[in-house]
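Working through the structure, step by step
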Amino acid sequence: MTTIDEDHTRPEGVDDLTVEALGNISEALEAIEIARGHLYTFHRLSGTADFTLGKGVDQLREAGHTDLADRFERELVGRNVLEGRWTFQIMEEYDDGYYATFKELDRLAREQLVAGKRHLYEAELKEARRTAGRGGHEAAPDAED
């Protein structure tokens, strides 16, 4: 069997269930990466909204609606999005806690079980699904089957 490269070749003695388990952990980590991206999107959009709101409040004030502008400014401009937190604080807590722990345990499992190799499940799936010798189905860039 042709393989992508040594970095994606299962170490001797590693069973199918272990490779599948690490594949599922990798898939879960990919979902966490997407969730983290959405959290950063939330952070950016919340900040943009606060500054845009501030402009609208200034315009209300200039238009003579000072009472309403004052209320927006008091109750909403610069307000915490969660108890005691702006979005940067949410990001820091997430990154330093859950995300860092997930990344560390994923790395630890791969180091202990498969010599640190990544995406073994996916590499084996690619090998099983590709048509060897067919253009566009190469095992790796510049690989010859």
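A quick note: this is a predicted structure, and the numbers were derived from the prediction, not measured.

Considering the pattern of salt bridges
For the coordinates displayed, the defined rule picks out 13 salt bridges. With a shortest N-O distance of 2.8 Å, R10 and D16 are connected by a salt bridge. Residue classification places R10 among the partly exposed positions, given a relative accessible area of 23%. Looking at D16, the relative accessible area reads 56%, which means it is exposed. As a salt-bridge pair, E127 and R130 come within 2.9 Å of each other at their nearest N and O atoms. With respect to burial, E127 and R130 carry one shared label: buried. Connected through shared salt-bridge partners, R10, D16 and E124 make up one network.

Examining the side chain of T18
Inspection of the secondary structure puts T18 in helix 1 (residues 16-62). A distance of 2.8 Å separates the side chain of T18 from the side chain of D15, its partner in a polar contact.

A short note on the packing of helix 1 against helix 2 (residues 66-75)
At a minimum axis distance of 8 Å, the contact between helix 1 and helix 2 shows a crossing angle of 155°. One element, helix 1, and the other, helix 2, form an angle in the roughly antiparallel class. Note that helix 1 runs across helix 2; the crossing there is left-handed. Seen from helix 1, the contacting residues are L53, V57, L60 and R61; seen from helix 2, they are T66, L68, A69, D70, F72 and E73. Partitioning the contact of helix 1 with helix 2 into residue classes produces six nonpolar, one polar and three charged.

Criteria and thresholds
- Residues numbered from 1 in each chain as written.
- Predicted model: local features only at pLDDT ≥ 70, side-chain atom pairs only at ≥ 80, totals over all residues.
- Heavy atoms only, no water.
- Salt bridge = Lys/Arg side-chain N within 4 Å of Asp/Glu carboxyl O.
- Buried < 20%, exposed > 50% of the residue type's maximum accessible area, 1.4 Å probe, protein only.
- Helix = DSSP H or I, 4+ residues; strand = E, 2+ residues; numbered from the N terminus.
- Polar contact = N/O pair within 3.5 Å; in protein donor to acceptor, adjacent residues only side chain to side chain.
- Axes fitted to C-alpha atoms, helices over the stretch in contact; angles between N-to-C directions.
- Parallel < 35°, antiparallel > 145°, perpendicular 65-115°, else oblique.
- Left-handed = near helix turned anticlockwise from the far one by under 90°.
- Contact = heavy atoms within 4.5 Å.
- Nonpolar A, V, L, I, M, F, W, Y, C, P; charged D, E, K, R; others polar.

Everything listed here is a matter of coordinates, which is why it stays silent on function.
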